[in-house]
Amino acid sequence: MKPGCAFLICLAVLIIASNGLLFSQEADKEILARYKAAAVKGGDVKRGEAVFKSKEAACANCHILAGMEKKAGPKLGTIGDKFTQEQLIESVLDPSARLHPDHTTTTVVTTAGKTISGVLHARDKKEIQVFDGEGKVIRISLSDVEIEKPGTTSLMPAGIFKTVKADQFADLIAYLGSLRQKAGTTRWPGMPDEIAMVKKPARLEPLHSEAMKFDHPVCLIASPTSAREYFIVEQKTRKIFRLTKGEGDFSTDKKELFLDLSDEASTGQFEGVLCLAFHPDYKKNRRYYVNFHVRNQGSHFSPIIAERRATADFKKDAGGKSKRLLQIPQDTDLHWGGMLAFGPDGYLYIGAGDAGPQEDPEGHGQDLSVLTGKILRIDVDKTQGDRAYGIPPDNPFRKFDGGKLPSPLANAREEIYAYGLRMPWRFSWDTETGDLWVGDIGQNLFENVRIVRNGENHGWNVFEGFENFSDRFRREGETYIPPVLSYRRKEGVSVTAGYVYRAKKDSSYYGAFLFADFESKRIWAMTQKDRKLGKVRQIGRCPEKPCSFGIDNDGELFVIGYEGTIFRLVLDDSVFE
Ligand code: HEC
C-alpha cells in the first residue's frame, strides 16, 4: 500500500472482497458501498466535470483528457469507451485494484537512503524522472540511485470519500462515463466508425478439460513432429507443456512438462516466458527458441532470445543452460515486444517494443541505433564475428564484409527488419501470400493492425495509427507506412494479432485475418487489398482475455485465454458477411 493511503492504519486486517475492492474495516466497506450505490443511480455530467477539475478531487493534478502534456496518470479522454460504469467506479474508489500496466509505480531508494515513489516519466543515461503523489516531476540523477524497483500499488490516492461527497462522486462517474472518442468524420477508410457483428458468431470450444487449465498461457505452437500435440507456454510459471490430444473426450488427453525455465527467466505482472519457435529443421536438429525475460541490471526486465534443444525422442527439453543469442536492453519495464517466429524465409523474427516509458520520449521507434521499437530478423544457422547469429543478406541496414553504411546510417543496427513499431506483441505470416501481419499495441487512442515489409518505417511515434502524434523525431523525406486497420478505444485497448485463415478453401473466412483485443475480448476478421482495409467484422467474443492465437497443421485456429483455457475457434456455422 502506498504511504498516505487511508487504509494504512488497518494493514493487518486486509480483506479482499469478491468484487476486487480492498477493504480495511467495516466502516470503509459501508462508505464504499454507499458511494458505489450513488454512482450506479447516476449523476450529472456537467457537475461531474466541475468535481473532476476541483482542488478537492485533485484529478487534474495527474490526468488530462488528451494532448501532448504528460502527467502521472493515463489520459482520460476516452475512458468512457474503455471502462464500464462498474469498472469506472472500481478504478476511482480503489485505484490499486486494477492497475494500468503502463502507469505503475516505480520506487527509487537513493544512496542517501531517501525513498521516492512515483510514476516513471522519462529516463535517459543521466537521470530518472518520476511524477510524485502531487503529480509533480522529481528528477533523480542515476548516480544517486541505489535501488530501483517496481511498485504494486497505484500512485492515485485511495480514499476519495474523504474529499468528495457521495453525490459528487456519482457526478464524477457520470462525467467519466461521458468521455468518449468522437466518431467524427472518418477520414481514413482504415479506421471505421463502427464494426458490425456477423449474424452468426464463431464458436469457441475448450481444447481441454477444466481440470487441465493452464497458468497464464501466452502461446500455443503445434508440434512439428506430431499432429495431435501442442506446446503451450505459461508466462508466469515459466514452463512449457506438451499437450497430447487423445481420441474422443478429454479423458485421454495428456499434459506433460517439456521445459521449466524458472531458474533462468524472471517473471512479473506480464513478464516471464513469452514465446516459443521451432527451428524449420526441428525434426533433424531438435533446436528451438524461446523469448523470455531476465531482470536486467538488477531492476529492469529485458528480453532474451535463446536457443535450446529437445531430447532425441522430442518428449522433453534436453536440459542444461540456454544458449543466449541476443538480449534486448531495456531501461524501463515497459513495452518489451514478446514475439518470436520463423518466417517463410527460414530466418528468426523477433518483436521488440519501444521499451518505454509512455509515448516513447527517447524516440526508440525511429532510432536505428537501438534494437527497441523494431521487428528484428536474424539467421540462427550462422555466426558472424562475435555474434551467435548471422545477419540475413537482405536486412536493410546490413554492413557488408565489415564495411560501413554512409552516415546517418553508420550506427544502424543490422538486426533491424522494420522499424517505427510500438509493441509488436504478436505477428504471423499469411501462408499463401507471405504477408507479415502484425498486431502493434497502441498508445493513447488506437490499436493497429499492420502488414510489414522489409526495411519499412511504420511511423511510431511520429504517428499513432493514422494520426500525427509527435514531430520530435520526424525526418525529412522519410516514408511512414500507415496501418491497414486502426481501431478505437470503444472497440478495445490492446490488440492481439492472430492468423490469416487458410484452412478450408470453401469457408467465407478463407483469406481473412483473424485477431482480437485483450481487454474487450472481441474477436474480429478483416480483409485487405494493397494494404487498404477491405471488410472488418466482429465474429465473436472470447470468454477469457485473448492473449494469443494458435494454429494447427491444417490451418485451423485456437484462441489462448489468459485465464487458462485454450479454445478452438470453430468457424463452420459462421458466415463472414
Ligand atoms: C497522484 C496522481 C493521481 C491523482 C490525484 C488521480 N489519479 Fe487517477 N491515476 C493515476 C495513476 C498513476 C493511474 C494509473 C495507475 C492505475 O491504474 O491506478 C491512474 C488511473 C486512473 C484511472 C484508470 C485509467 C486507465 O486507463 O486504466 C481512472 C479512471 C482515474 N485514474 C481517474 C481519476 C480520477 C477521477 C481522479 C480524481 C478523483 C484521479 N484519477 C486522481 C494517478 C492519479
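Scroll up to find the structure this text is about.
Everything numeric in this text was worked out from a predicted model, so none of it was measured. (Residues numbered from 1 in each chain as written. Predicted model: local features only at pLDDT ≥ 70, side-chain atom pairs only at ≥ 80, totals over all residues. Heavy atoms only, no water.)

Asker: What's the story with the overall build of the protein in this structure? I'm lost.
Answerer: Tallying secondary structure elements over the protein gives seven helices and 33 strands in all. Since a compact globule built from 577 residues should have a radius of gyration of about 25 Å, the 24 Å found for the protein is in line with a globular shape. Here the C-alpha coordinates of the protein stretch approximately 70 × 55 × 50 Å along the principal axes. Among the 577 residues that make up the protein, the fraction classed as buried is 57%. (Helix = DSSP H or I, 4+ residues; strand = E, 2+ residues; numbered from the N terminus. Rg over C-alpha atoms; globule rule 2.2 N^0.38 Å. Buried < 20%, exposed > 50% of the residue type's maximum accessible area, 1.4 Å probe, protein only.)

Asker: What exactly am I supposed to notice about the site of the ligand here?
Answerer: For the ligand, the set of nearby residues contains 28 residues, the closest of which are Cys59, Cys62, His63, Ser154 and Met156. The contact in question runs from an oxygen atom of the ligand to an N or O atom on the side chain of lysine 82, over 2.7 Å. Here an oxygen atom of the ligand and a side-chain polar atom of serine 154 are 2.6 Å apart. For the shell around the ligand, the secondary-structure elements that each account for two or more residues are helix H3 (59-62), helix H4 (79-82), helix H5 (85-93) and helix H6 (166-178). A breakdown of the residues in the shell around the ligand according to their chemical character gives 19 nonpolar, seven polar and two charged. (Near = heavy atom within 4 Å. Polar contact = N/O pair within 3.5 Å; in protein donor to acceptor, adjacent residues only side chain to side chain. Nonpolar A, V, L, I, M, F, W, Y, C, P; charged D, E, K, R; others polar.)

Asker: Help me out: how do you make sense of the pattern of salt bridges in this one?
Answerer: For side chains bearing opposite charge, pairing can occur when the charged atoms are close. In this structure the tally under the stated criterion is 42 salt bridges. As a salt-bridge pair, glutamate 264 and arginine 324 come within 3.7 Å of each other at their nearest N and O atoms. Taken as a pair, glutamate 264 in the loop between strand S12 (254-260) and strand S13 (273-278) and arginine 324 in strand S16 (residues 323-327) lie far apart in primary sequence, 60 residues in all. For arginine 324, a relative accessible area of 40% gives the class partly exposed. In this structure, the salt-bridge partner of glutamate 519 is lysine 545, at a minimum N-O distance of 3.3 Å. You can see glutamate 519 sitting in the loop between strand S28 (513-517) and strand S29 (522-529) and its partner lysine 545 sitting in the loop between strand S30 (532-541) and strand S31 (546-551), a full 26 residues away along the chain. Here glutamate 519 falls in the partly exposed class, since its relative accessible area comes to 34%. Relative accessible area serves as the criterion here: at 23%, lysine 545 is assigned to the partly exposed category. (Salt bridge = Lys/Arg side-chain N within 4 Å of Asp/Glu carboxyl O.)

Asker: I would appreciate a short explanation of the coordination of the iron atom of the ligand in the present structure.
Answerer: Note on metal geometry: ideal angles are 109.5 degrees for four donors arranged tetrahedrally and 90 or 180 degrees for six donors arranged octahedrally. Summarising the metal site, the iron atom of the ligand is bound by the protein donors His63 (NE2) and Met156 (SD), whose distances to it range over 2.0 to 2.1 Å. One can describe the donor arrangement at the iron atom of the ligand as octahedral, given that its six donor atoms subtend angles of 83 to 179° at the metal. Highlighted residues: histidine 63 in the loop between H3 and H4 and methionine 156 in the loop between strand S7 (145-150) and H6, separated in sequence by 93 residues. Taking relative accessible area as the criterion, methionine 156 reaches 27% and is therefore assigned partly exposed. (Donors = N, O, S within 2.8 Å, 3.2 Å for Na, K, Ca; no water. Tetrahedral: all angles 85-135°; square planar, octahedral: opposite > 155°, others 65-115°.)

Asker: Help me out: how do you make sense of the packing of helix H2 (residues 45-53) against H6 in this one?
Answerer: If you want to describe how two helices pack, look at the angle between their axes and the distance between the axes. The contact between H2 and H6 brings their axes to 7 Å, and the two run at 100°. On the basis of their axis angle, the class for H2 and H6 is roughly perpendicular. Here H2 contributes Val45, Arg47, Gly48, Glu49, Val51 and Phe52 to the contact with H6, which in turn contributes Gln168, Asp171, Leu172, Ala174, Tyr175, Leu176 and Ser178. Looking at the contact of H2 with H6, its residues break down into seven nonpolar, three polar and three charged. (Axes fitted to C-alpha atoms, helices over the stretch in contact; angles between N-to-C directions. Parallel < 35°, antiparallel > 145°, perpendicular 65-115°, else oblique. Contact = heavy atoms within 4.5 Å.)

Asker: How should the nonpolar core be read in this particular structure?
Answerer: Considering soluble globular proteins, one finds that nonpolar side chains tend to be buried as a cluster. One finds Phe292, Leu348, Ile375, Phe427, Leu436, Phe515 and Met526 to be the most contacted residues of the largest nonpolar core, which totals 94 residues. Sort the elements by how many residues they give to this core and S13 lands first, with six residues. Not counting the four nearest positions on each side in its chain, leucine 348 is found in contact with Ala277, Tyr289, Ile305, Leu340, Ala341, Phe342, Leu376, Arg377, Ile378 and Val380. Core analysis: the second largest hydrophobic core is formed by 27 residues, Leu32, Phe83, Val92 and Ala166 among them. (Core = buried A, V, L, I, M, F, W, Y, C linked by side-chain atoms within 4.5 Å.)

Asker: Sorry if this is basic, but what is going on with the packing of aromatic side chains here?
Answerer: Any aromatic ring pair is given by two values, namely how distant the centres are and how the planes are angled relative to each other. Inspection of every chain in the model, using the stated rule, returns 29 aromatic pairs. When the centroid spacing of 5.8 Å and the interplanar angle of 15° are considered together, the rings of tryptophan 188 and phenylalanine 466 count as stacked. Placement of tryptophan 188 in the loop between H6 and strand S8 (203-206) and of phenylalanine 466 in the loop between strand S24 (463-464) and strand S25 (467-468) is noted, with a sequence separation of 278 residues between them. For phenylalanine 466, a relative accessible area of 13% translates into the label buried. With a centroid separation of 6.3 Å and 70° between ring planes, the pair formed by tryptophan 336 and tryptophan 425 is classed as edge-to-face. Residue tryptophan 336 is found in the loop between S16 and strand S17 (340-342), and its partner tryptophan 425 is found in strand S21 (residues 424-429); the two are separated by 89 residues along the sequence. Under the relative-accessibility criterion, tryptophan 336 is labelled buried at 7%. On the basis of relative accessible area, tryptophan 425 is assigned to the buried category, the value being 9%. (Phe/Tyr/Trp six-rings, centres within 6.5 Å; stacked < 30°, edge-to-face > 60°.)

Asker: Mind showing me how you'd approach the side chain of serine 486 here?
Answerer: Its place among the elements puts serine 486 in strand S26 (residues 485-488). Ignoring sequence-local partners within four residues, the contact set of serine 486 consists of Gly190, Met191, Pro192, Phe446, Glu447, Asn448, Gly465 and Phe466.

Asker: Can you walk me through the side chain of asparagine 448 in this structure?
Answerer: Its location among the elements puts asparagine 448 in strand S23 (residues 446-452). Asparagine 448 sits in the buried class, given a relative accessible area of 3%. At 2.8 Å, the side chain of asparagine 448 and the side chain of serine 486 are in polar contact. Contacts of asparagine 448, omitting those with residues within four sequence positions, involve Val438, Gly439, Asp440, Gly465, Pro483, Leu485, Ser486 and Val495.

Asker: Just checking my understanding: could you explain the sheet that holds S30 for this structure?
Answerer: The strands making up a sheet are joined through hydrogen bonds of the backbone, oriented either antiparallel or parallel. In space, the four strands of this open sheet follow the order S27-S28-S29-S30, with antiparallel pairing throughout. Both edges of this open sheet fall to strand S27 (495-500) and S30, since each of them pairs with a single strand only. With direction set aside, neighbouring strand axes in the sheet form an average angle of 25°. Pairing of S28 with S29 involves four bridges; the strand directions are antiparallel. Looking at the pairing, phenylalanine 513 lines up with methionine 526 of S29. (Pairing = 2+ DSSP bridges.)

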